[in-house]
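# An overview of the molecular structure
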Amino acid sequence: MAEMEEKDRKSSEEFTDESEEEDSEEEPKLKYERLSNGVTEILQSDAASCMTVHDKFLALGTHFGKVFLLDVQGNVTQKFEISSVKINQISLDESGENVGICSEDGKVQVFGLYTREGFHENFDCPIKVVALHPQFSRSNYKQFVTGGNKLLLYDKNWLNRWKTTILHEGEGTISNVQWRANLIAWANNVGVKIYDISTKQRITNVLRDNVSLRPDMYPCSLCWKDDTTLIVGWGTSIKICVVKERNPTEMRDLPSRYVEIVSAFETEFFISGLAPLADQLVALFFVKENADQMDEDFLARPRLDIIQPLPEGCEEISSDALTVRNYQANECRDYRLEHSEGESLFYIISPKDIVVAKERDQDDHIDWLLEKKKYEEALMAAEISFKNIKRHDVQKIGMAYINHLVETGDYDAAARKCQKVLGKNMELWENEVYRFKTIGQLKAISQYLPRGDLRLRPAIYEMILHEFLKTDYEGFATLIREWPGELYNNMAVVQAVNDHLKRDPTNSTLLTTLAELYTYDQRYDRALEIYLRLRHKDVYQLIHKHDLFSSIEDKIVLLMDFDKEKAVDMLLDNEDKISTDRVVEELAERPELLHVYLHKLFKRDHHKGQRYHEQQIGLYAEYDRPNLLPFLRDSTHCPLEKALEICQQRNFVEETVFLLSRMGNCRRALQMIMEELGDVDKAIEFAKEQDDAELWEDLISYSIDKPQGMEIPNLRDSLVKILQDYNLQILLREGCKKILVADSLSLLQKMHRTQMKGVRVDEENICESCHAAILPTDMAKPFSVVVFHCRHMFHKECLPSTGTIPSLQFCNICSAKKRGPGCGILEMKK
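An account of the accompanying structure is given in this report. (Residues numbered from 1 in each chain as written. Predicted model: local features only at pLDDT ≥ 70, side-chain atom pairs only at ≥ 80, totals over all residues. Heavy atoms only, no water.)

## Some points on the pattern of salt bridges
One pass over the structure, following the stated rule, counts 39 salt bridges. Put simply, Arg604 and Asp569 hold a salt bridge, and the shortest N to O gap is 3.7 Å. You can see Arg604 sitting in helix α19 (residues 591–604) and its partner Asp569 sitting in helix α17 (residues 564–573), a full 35 residues away along the chain. (Salt bridge = Lys/Arg side-chain N within 4 Å of Asp/Glu carboxyl O. Helix = DSSP H or I, 4+ residues; strand = E, 2+ residues; numbered from the N terminus.)

Following this line, the structure appears as structure tokens:
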């Protein structure tokens with residue numbers, strides 16, 4: 001038995017795809033396995049002749065007249081002794097409860113698998129095929145057909161008797177029958193017919209193409225793709241036929257349905273079986289090839305192809321050559337192809353072997369990728385299908401990938417892949433670290449080690465740090481910067497760095513790294529000392545981050561020597577921690593640095609350092625004369641006498657001129673401009689700024705009294721321009737005065753014309769005093785009304801008597817408003 005199992009295993013490994021061998025990058029579409037267990041034992045002493053597939057089980061017929069019911073693993077569940085000769089056909093209804101069997105000696109049995117009741121008959125000729133109605137289990141569909149030299153329909157009537165109807169005869173042996181819904185398709189020596197059992201009409205006749213092939217040696221293959229699509233394969237020809245409804249207007253004496261061949265094409269090999277696969281076909285081919293230097297043909301391995309039918313031809317999707325047992329002795333008629341529609345399983349039946357083909361799933365795809373060492377694609381595929389994956393563990397695939405990368409010497413890629421593959425598995429991580437240590441590649445994996453929620457033992461990180469410290473100071477420094485200090489024993493690493501510094505005490509990389517280690521350990525004074533010694537840019541960040549201002553009070557000069565701008569900015573930003581007085585005290589012996597500090601302080605606030613403004617005069621004069629004059633202009637706390645003394649001592653003319661003018665000695669300042677600077681333009685500008693007539697006289701007198709031959713450039717043009725500007729100003733004033741007088745007169749005349757216009761008085765107007773209607777009800781009676789130009793109206797008797805002429809009387813209302821425009825009156829009498 002063990003020997004037989006080993007033989008099966010070897011045979012199973014022989015399943016290959018010749019196209020794959022030629023092009024190893026093309027993945028196969030199907031995978032294969034041999035149906036073993038009980039089937040192996042059966043075929044050792046018998047041979048398979050036919051098989052029918054149901055979703056629940058398999059039914060296998062043999063050459064010695066037996067029928068076996070098998071589970072999908074090939075284990076025998078039931079056995080029937082039907083005949084002593086070959087079983088030709090087994091038919092099952094859709095329920096899987098009824099079976100039809102025919103044999104070479106003419107026996108036909110149709111019975112229930114659980115009752116054994118049914119039809120049992122012996123005929124005087126071989127019965128090649130039998131087919132049950134798909135709904136045979138239902139009482140009104142108790143029908144089946146048999147085929148020998150004629151096609152017979154058996155129908156059970158109400159008397160529980162079988163009625164026989166000849167559907168066809170006279171064209172040779174019926175070699176194949178397939179029943180789908182109401183359609184029965186069968187093949188004989190002439191061609192393929194289809195019979196509509198609902199209308200009791202034969203609706204087509206598809207003729208056999210290659211009549212030179214013996215139909216008993218190269219039988220017809222039939223399969224229904226759906227209720228109306230029949231696939232016909234015969235010899236090397238495949239036709240796809242679709243049953244369609246005929247237009248009622250075209251019927252006349254024709255059947256109500258007809259068949260259209262939607263695709264027809266030739267194949268390279270002989271067809272042994274067909275099955276549908278979505279919109280494609282699975283075809284089993286019998287291969288007969290010519291051997292080199294031989295006259296006779298030899299039989300090659302059968303092929304299972306996936307074909308894409310096209311309107312005018314087909315396209316081969318895949319092709320696999322199968323090494324079935326005893327294939328060298330088989331003929332085309334010895335092979336059959338059966339399929340299970342529910343699971344896309346395809347069974348290749350031969351006398352001594354049954355092979356199951358199935359579509360490759362994601363696991364198979366990953367297996368193939370691993371076999372081809374396409375690890376990246378395999379890992380991606382495994383991650384995508386992680387929830388549904390059955391055999392493959394993503395981590396296992398990833399480890400295979402890492403091993404492959406290490407073997408090929410791509411250590412960085414292998415280390416990088418560890419992050420993705422090892423995840424949070426600490427044991428795997430540590431194993432990989434030790435492996436990389438063994439191969440001398442700790443540096444490669446160092447940058448990918450976990451440093452977040454998952455952390456390895458400190459010894460692992462320390463081992464890598466010591467490795468870098470021995471060979472690569474820069475790499476060591478990088479790890480110290482990138483790794484959190486809590487990953488390792490900080491004191492142990494500090495000690496190791498100090499040991500190396502004993503041999504190389506001035507190494508800036510080691511010193512900087514040591515300062516960082518001290519910072520992690522909160523020994524900030526030690527770190528600050530190293531940073532200042534190295535003049536390291538991080539010194540300011542360290543001071544700010546850890547508030548080390550109390551530690552730098554005696555190191556201000558060092559900080560200023562390192563970077564004046566940053567140091568001053570830091571000191572000014574933190575005056576509450578280091579006072580200005582303290583800074584000035586520290587910088588007293590370095591006046592050039594003191595000047596930088598006080599200058600920036602003054603720029604920020606002109607009043608904060610006022611007590612040092614007198615001192616700053618000398619500092620500006622000594623170290624920064626360009627900013628002396630702006631300082632003198634902006635400072636309100638600078639002693640002018642002291643400043644004048646310093647500027648005169650240093651012969652700073654511009655600064656002295658400014659101070660003299662600020663102290664009120666403009667004549668002396670003008671004199672210095674003319675005599676010391678010799679700048680007439682500046683003198684004129686100075687005279688303009690001061691707006692003093694005496695200065696202009698001094699400027700002119702000085703110009704007149706200049707020694708002969710001494711010219712003052714542009715003096716005449718400047719004076720002419722001044723006079724022209726003055727005359728223009730006088731003209732503008734006179735013009736504006738004339739315009740103002742003319743406008744006033746015009747407005748006065750307009751007001752007079754307006755007030756002299758008539759005023760409408762009617763019954764709607766009222767007296768502004770008594771508020772009665774201004775006009776009497778009886779207009780025949782005499783009345784007197786006073787109307788002012790402001791449109792206010794009064795009864796004359798309602799106005800107060802002033803003893804003056806009425807025309808000089810004023811409106812009471814408008815008079816209360818400081819005499820508005822109603823100061824004139826109109827009097828109406830009747």
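## Focus on the side chain of Asp320
Topologically, Asp320 is positioned in strand β27 (residues 313–321). It is Arg303 that comes nearest to the buried, bridge-free Asp320 among opposite-charge side chains, at 6.9 Å. Reaching out from Asp320, the side chain makes a polar contact with the side chain of Tyr32 at a distance of 2.6 Å. (Buried < 20%, exposed > 50% of the residue type's maximum accessible area, 1.4 Å probe, protein only. Lys, Arg positive; Asp, Glu negative; His and termini not counted. Polar contact = N/O pair within 3.5 Å; in protein donor to acceptor, adjacent residues only side chain to side chain.)

## Some remarks on helix α4 (residues 362–371)
Within α4, burial applies to Asp363, Asp364, Ile366, Trp368, Leu369 and Leu370. Just downstream of α4, Lys373 is the residue with a positive phi angle, here 60°.

## Comments concerning the sheet that holds strand β20 (residues 237–245)
Strand-to-strand pairing in sheets goes through backbone hydrogen bonds, with the strands running parallel or antiparallel. Strand order in the open sheet formed by 4 strands is β18-β19-β20-β21, with antiparallel pairing between adjacent strands. Only two strands of the sheet have a single neighbouring strand rather than two, namely β18 (221–224) and β21 (257–266). Strand-to-strand, the axes of this sheet are offset by a mean angle of 20°, without reference to chain direction. Sheet topology places β18 next to strand β19 (residues 229–234); 4 bridges connect them, and they run antiparallel. Within β19, the position partnered with Trp224 by the bridge is Leu230. (Pairing = 2+ DSSP bridges. Axes fitted to C-alpha atoms, helices over the stretch in contact; angles between N-to-C directions.)

## Here we look at helix α22 (residues 640–649)
Taken together, the buried positions of α22 are occupied by Ala643, Leu644, Ile646 and Cys647. All buried residues of α22 project into a common sector of 165° when viewed along the axis, lining one side. Across α22 from its buried face, at more than 90 degrees, point the exposed residues Glu641 and Gln649. Buried residues in α22 make contact with α20 (613–623), α21 (628–634) and α23 (653–662). Among the residues trailing α22, Asn651 stands out with phi positive, at a value near 55°. (Arc of directions from axis to C-beta. Contact = heavy atoms within 4.5 Å.)

## Overview of a nonpolar patch on the surface
Taken together, the side chains of Leu745, Leu748 and Met751 make up a nonpolar region of the molecular surface, amounting to roughly 290 Å² of accessible area. Residue placement: Met751 occurs in helix α27 (residues 715–755). By relative accessible area, which is 42% here, Met751 ends up partly exposed. (Patch = residues over 30% accessible without salt bridge, like charges linked within 9 Å, V, L, I, M, F, W, Y side chains within 5 Å. Areas by Shrake-Rupley, 256 points an atom, 1.4 Å probe, with all protein chains shown as cover.)

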